[in-house]
There are 2 protein chains.
Amino acid sequence: MKPTEGRKRIVIEEIQPSVNDGRYPAKRILGDLIEITAAIFGDGHDHVAARLLYRHASQRKTQATPFAALTNDLWSATFTADRLGLWYFTIEAWIDHFDTWTHDLAKRLAAQTDSAQDIPLALRIGANHLDAVALRAKAKSADARKLTAAAADLRRLADQNLALYDSPITTDLIALVAKYPDLGFATKYSTELPLWIDRERARFSSWYELFPRSSSLNPGHHGTLRDVAARVPEISAMGFDVLYMPPIHPIGTAFRKGRNNSTTPEPNDVGSPWAIGAPEGGHTAILPALGTLADFDALVHTAQSHNIDIALDIAFQCSPDHPWVAAHPAWFSHRPDGTIQYAENPPKKYQDIYPLNFESSDWRGLWDALFGVFKFWIDRGVRVFRVDNPHTKALPFWEWCIAEVHKTTPDALFLAEAFTRPHVMYSLAKGGFSQSYTYFTWRNTKADLIEYFEEICNPPVSDFFRPNVWPNTPDILHAQFQIDDLAQRRSIFQQRVILATTLSSNYGIYGPAYELLEGRPAKPAAGKTSSEEYLDSEKYQLRHWNRDDPNSIAPLITQLNRIRHENPAVQRNENLHFHTIANDNLLVYSKSSSDYTNIILTVVNLDPINPQSGIVDLALDKLNLPWDATFIVEDLLTGASYTWSGQYNYVALTPATTAHIFRITRT
Amino acid sequence: MKPTEGRKRIVIEEIQPSVNDGRYPAKRILGDLIEITAAIFGDGHDHVAARLLYRHASQRKTQATPFAALTNDLWSATFTADRLGLWYFTIEAWIDHFDTWTHDLAKRLAAQTDSAQDIPLALRIGANHLDAVALRAKAKSADARKLTAAAADLRRLADQNLALYDSPITTDLIALVAKYPDLGFATKYSTELPLWIDRERARFSSWYELFPRSSSLNPGHHGTLRDVAARVPEISAMGFDVLYMPPIHPIGTAFRKGRNNSTTPEPNDVGSPWAIGAPEGGHTAILPALGTLADFDALVHTAQSHNIDIALDIAFQCSPDHPWVAAHPAWFSHRPDGTIQYAENPPKKYQDIYPLNFESSDWRGLWDALFGVFKFWIDRGVRVFRVDNPHTKALPFWEWCIAEVHKTTPDALFLAEAFTRPHVMYSLAKGGFSQSYTYFTWRNTKADLIEYFEEICNPPVSDFFRPNVWPNTPDILHAQFQIDDLAQRRSIFQQRVILATTLSSNYGIYGPAYELLEGRPAKPAAGKTSSEEYLDSEKYQLRHWNRDDPNSIAPLITQLNRIRHENPAVQRNENLHFHTIANDNLLVYSKSSSDYTNIILTVVNLDPINPQSGIVDLALDKLNLPWDATFIVEDLLTGASYTWSGQYNYVALTPATTAHIFRITRT
């Protein structure tokens, strides 16, 4: 069957950014200059023109901006996203007959001496084009008059038939014609593609996780939200901008876990905060020992005054004591003996947790209730959510729920705590999560780090997935940290936080365990595998941390956060480039601001035991330096400066110094 | 807004093959085992199952075949395309609760000695699953009875509560359950994706181009279609299976070109066959000097009896004398002076050619007429068309026209003579062209050949674009052939046809110019550029070729075609692999049949002047050989055999021998 209009001759394809061909939005940041590229072409020799049509989802009227040709039929257009939330864009392209004619005329004029060229006829053809433009411009009568006059000029020139060597077409006339493109046979791309615009913190954030109940300054006392508020100035001074707390809700008593995950708890054991729900309430209540909703509001307010976001831990699961268990039995799975199915991954059992059943006949009610949890905390000023195990809840739920939140609260951010297979992690990101945990913790060799960060910092992944890298979490004490020797342990803790802060614009630590170099595992290494659980884990008990420990690396972390705030280069990921060095224990990489006014080159010693040295082989083009450049590298950790020149330069690092973070300036 | 059914928990993405996300069909060949892969996954730990649904476009009912899991959430399913034409496929996937339960039960049974496991309860849950399956099977009462009995068995086992160590679930029961999947919450991919199934010759063909008017055995006589028919046995004996003729239609006299493209022809000059149309007729008529439609029919019949396809040259353009010019003035562009716009690319003019105007107000009539040209020749038995400059006609026209032809004639093949930018060439292939000319002619260095063939022989390009490589055409005598020294010229002619026949499963030559080593250009090289036009080109005059020339490389070409027919490995492209050799003048590559029963390793000396030698570094895994293999390499050109072993083996070639085409066999 023929198309409705067979004279639409342009093909538009390979549009970027585009996630699953527009099925999901690509992600960008407020204020970004957003570049859209596409292959745009037609048959034959006619010139092509195209424009980008874009709009915020709340508006029906589109704005337009022209595409400029790159090479090989690829085109580029840019616009600035000046509003949070969902945007749409599409592309319209057409044959630009006037532009074709203008260029042909120039070629005819240049060729007159070699071969006969009927210039007057060519001028008359141009006059006809201008008549057509004037007709399209008729609503703007001044422009139409100018165009008609220009057409008359061309015809007069043709009548005079004088020798003509310079084109009579001025840039003013070309600009005037461009105002009235001939869209009669224009091709419009079949769909609008979505973009999601987040606030800056989605791309650049520094997270600090702590257990509120361990935040009392008095050993043995149950910490409160007020204790947390008292710590906010210190956390702010360290340079963090997100303060994340594990669940703060009432904790169930049925099958409560004791210290070190014991199934036979002592009467005064505090239980796991992830066993959510008790007679006092569920996901919208606060554990009385932590304080009141008023205390919570005060904490949010204190945090806001330090430009810190409070991040809540949203764990959609229930203790057997959660009010939903009695009120909504349909939201849980029932077994043939009438009991509710607890969490299990045979043969392991987690009897203190009831998972929610996303195949419930009342899935609509369940979805609404879960959405209501976000809504409740949003209404109390929370804008950042760390979602626990989102990959064990239905993916379509997340896509709906996050979109629903974003409709009214486009500044809400969601961090997916998903450590699972790549497709599932990426699918959560496509479905709306702003940031995601990563495999960083288990990428420990030079080759593994390079491979992984090249995957997640470049398109297509970087268009939808934003890594948030954590050297540790309450669940993950990687074997590399489980070292008795203090100097070695300190070196590895330094190394991993330097990698985290300079490789990824989003990172976080679970403190104070991190800065205090906590490395004791729940079970010592057995064979090749060791437990990744902490000994005396805060998940099951209070801990009192000695923040004045002289071994604390809090000063280094403070310094790293300051470097991050002062250097735009490390506040984004797409600019990451690994440089060559012939030493498997040295990792070298740079990040540059898009205008190259800020360039950071990091060299990390991955060996916590031995000094390492080598010759860095710099890709100078990635640093915007010519081959013969002489430049200053200033170590932002030590303040020392060195003069380097050209591609090859020597570096040496000990386990104690761990890394150079160089800022590069031209001499 | 919530989805209609929120319990559909599976994501299906990354479907392959898929051209522009299903906008265009991927291409395969009749009888191919077609593999469809996709990423298929859900949330949590539940097991997933999926099936491929596929159908020929003429049928509404789909067939189904199960997917099998590969790694990392990728799945694969295969089916055999047993019918030409358009097919559709899509994917349906669901949570397989019974499979999850079966695996969990096995884990529970294995873990009983370590920890308490409530086996009877697990058995009762399984029985409930089987009840549900029985309900779905109720239309098949025998199966339903078996399932109900199996459920009862599980419940009896549970009641007995005896020690149980082996799973009671038999493979027979698993197969029975698999017949009745629970599709209630199955996810179906949003669209059907298209596949186009061609006949074998679309993938494997050997083309011979000749000018019918030069085919007379009598020097100076205008050749006829009968002369061509008389040559068919010889062309068949050389091993060609497509005989392609430049346009055979009446030739215009207005602005007729003389010998060597002269604009001042002699009265008896025959003109260019591409200046189509005269009072005797246009695209559906035959030049009287060539013969009659009956002669044409006889030629088609003779060719068919030798399993040769006649390929017509479809050039959609008109001489000023074409009947369409008077009958359909709306199909042409008119200038302000009332004349019709001839072809020009300022400052060049082609006054003997009127292009068709695809922006005509009567584009529908024009499309129908052009389709009618194909239809006319299809009705006379033609199934192969070489389309001249398709990139100067509207792309949407081709997509419609080829689909329209294919509706009734799915065995029709279209070769695009497009030498233009990559996007346009690929777009023609996506739009329906079965094969395409390539940049092969201008890929002359080892690096360029490797880069280009790796691009066009692998997905995504190989899913829609089939190269047909030509060492020469009547328009293109590459500078490398323009060599006076006979030995050197012969070496380069040998080299290029060996490359063509072994790199690409589709190839063609313009003969007898090729086998007779015709290398004289229209104009000698001026500076760095030389004309690619032949001196005394057949495009403008008759030529008489001395086929008995002792320098003819027809015997080599015959041998190459025989090798191609006898070795399935070289009848396809996706299996091409380049091997390493530290000599820029030696190119080494292999092709293997999918079962590795046929492996061809080709070594070509790209230097027509000097002998070259080197150590081949074989990627043995691409040859299905172990690292310590000893194997025979038999040179199919000379008959000589050598015993090779392992990865490194020595080769040496002179300009005269040019190449080894080794068939590899294990000792």
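Residues numbered from 1 in each chain as written. Chains lettered and ligands numbered in written order. Predicted model: local features only at pLDDT ≥ 70, side-chain atom pairs only at ≥ 80, totals over all residues. Heavy atoms only, no water.

### Thoughts on the packing of helix 8 (residues 363-379) of chain B against helix 9 (residues 395-408) of chain B
Residue and element names in this part refer to chain B.
Then, number 1: Packing of helix 8 against helix 9 leaves a shortest axis separation of 10 Å and a crossing angle of 35°. Note on packing geometry: the crossing formed by helix 8 with helix 9 is right-handed. Within the contact between the two elements, helix 8 uses Trp367, Asp368, Leu370, Phe371, Phe374 and Ile378 and helix 9 uses Pro396, Phe397, Trp398, Trp400, Cys401, Glu404 and Val405.
Then, number 2: Here the residues of the contact of helix 8 with helix 9 are counted per class, giving eleven nonpolar, no polar and two charged. (Axes fitted to C-alpha atoms, helices over the stretch in contact; angles between N-to-C directions. Helix = DSSP H or I, 4+ residues; strand = E, 2+ residues; numbered from the N terminus. Left-handed = near helix turned anticlockwise from the far one by under 90°. Contact = heavy atoms within 4.5 Å. Nonpolar A, V, L, I, M, F, W, Y, C, P; charged D, E, K, R; others polar.)

### Looking at the relation of the copies chain B and chain A
In this arrangement, two copies of a chain are superimposed by a rotation about an axis accompanied by a shift along the axis.
Then, number 1: The two copies are related by a screw motion: chain B maps onto chain A through a turn of 180° and a shift of 0.1 Å along the axis, at an RMSD of 0.1 Å. Expressed as an axis order, the relation between the two copies is that of a two-fold axis. Every residue of chain B has its C-alpha some distance from the rotation axis, and the shortest such distance is that of Asp21 of chain B, at 3.6 Å. (Least-squares fit on C-alpha atoms with pLDDT ≥ 70 in both.)

### Remarks on the domain arrangement of chain A
Residue and element names in this part refer to chain A.
Then, number 1: By domain assignment, chain A separates into domain 1 (10-96 + 186-197), domain 2 (104-130 + 142-178), domain 3 (207-478 + 495-553) and domain 4 (571-666).
Then, number 2: One C-alpha centre belongs to domain 3, the other to domain 4; they are set 35 Å apart.
Then, number 3: When the two sides are added together, the surface that domain 3 and domain 4 hide from each other amounts to roughly 1,600 Å², 66% of it contributed by carbon and sulfur.
Then, number 4: In this assembly, domain 3 and domain 4 are joined by zero salt bridges. (Domains from an automatic or database assignment. Buried area = accessible area lost by both parts, 1.4 Å probe. Salt bridge = Lys/Arg side-chain N within 4 Å of Asp/Glu carboxyl O.)

### Re helix 10 (residues 422-430) of chain A
One turn of the α-helix equals 3.6 residues, which is why residues spaced by three or four share an orientation.
Then, number 1: Most of helix 10 of chain A sits out of view: eight of its nine residues are buried.
Then, number 2: Gly432 of chain A lies just past helix 10 of chain A and shows a positive phi near 135°. (Buried < 20%, exposed > 50% of the residue type's maximum accessible area, 1.4 Å probe, protein only.)

### Re a negative patch on the surface
Then, number 1: Taken together, Asp448, Glu451, Glu454 and Glu455 of chain A make up a surface patch of like negative charges.
Then, number 2: The residue Asp448 of chain A is located in helix 11 (residues 446-456) in this model. (Patch = residues over 30% accessible without salt bridge, like charges linked within 9 Å, V, L, I, M, F, W, Y side chains within 5 Å. Areas by Shrake-Rupley, 256 points an atom, 1.4 Å probe, with all protein chains shown as cover. Lys, Arg positive; Asp, Glu negative; His and termini not counted. Charge placed at Lys NZ, Arg CZ, Asp CG, Glu CD.)

### Observations concerning the packing of helix 5 (residues 225-237) of chain A against helix 6 (residues 293-305) of chain A
All names here are of chain A.
Then, number 1: At a minimum axis separation of 9 Å, helix 5 and helix 6 run at an interaxial angle of 10°. As far as their axial angle goes, helix 6 and helix 5 are roughly parallel. Contacts from Leu225, Arg226, Val228, Ala229 and Val232 of helix 5 reach helix 6 at Asp295, Phe296, Leu299, Thr302 and Ala303.
Then, number 2: Here the residues of the contact of helix 5 with helix 6 are counted per class, giving seven nonpolar, one polar and two charged. (Parallel < 35°, antiparallel > 145°, perpendicular 65-115°, else oblique.)

### Focus: the pattern of salt bridges
Then, number 1: Evaluation of the coordinates by the stated rule reveals 80 salt bridges over all chains.
Then, number 2: Between Arg108 of chain A and Glu344 of chain B there is a salt bridge, with the nearest N and O atoms lying 3.0 Å from each other. A residue pair is termed interchain when its members come from two chains, as with Arg108 of chain A in helix 1 (residues 97-111) and Glu344 of chain B in strand 15 (residues 343-345).
Then, number 3: The partner of Arg7 of chain B in a salt bridge is Glu5 of chain B, with the nearest N and O atoms 2.8 Å apart.

### Looking at the sheet that holds strand 27 (residues 641-645) of chain B
All names here are of chain B.
Then, number 1: Sheet architecture is open: eight strands sit in the order 27-26-29-24-23-22-25-28, paired in antiparallel fashion. At either end of the open sheet lies a strand with only one pairing partner, and these are strand 27 and strand 28 (648-653). For this sheet the average axis-to-axis angle between neighbouring strands, irrespective of direction, equals 35°.
Then, number 2: Lying on the sheet, helix 12 (residues 486-503) is in contact with strand 22 (577-581), strand 23 (586-592), strand 24 (599-605) and strand 29 (659-666); it crosses strand 23 at an angle near 30°. (Pairing = 2+ DSSP bridges.)

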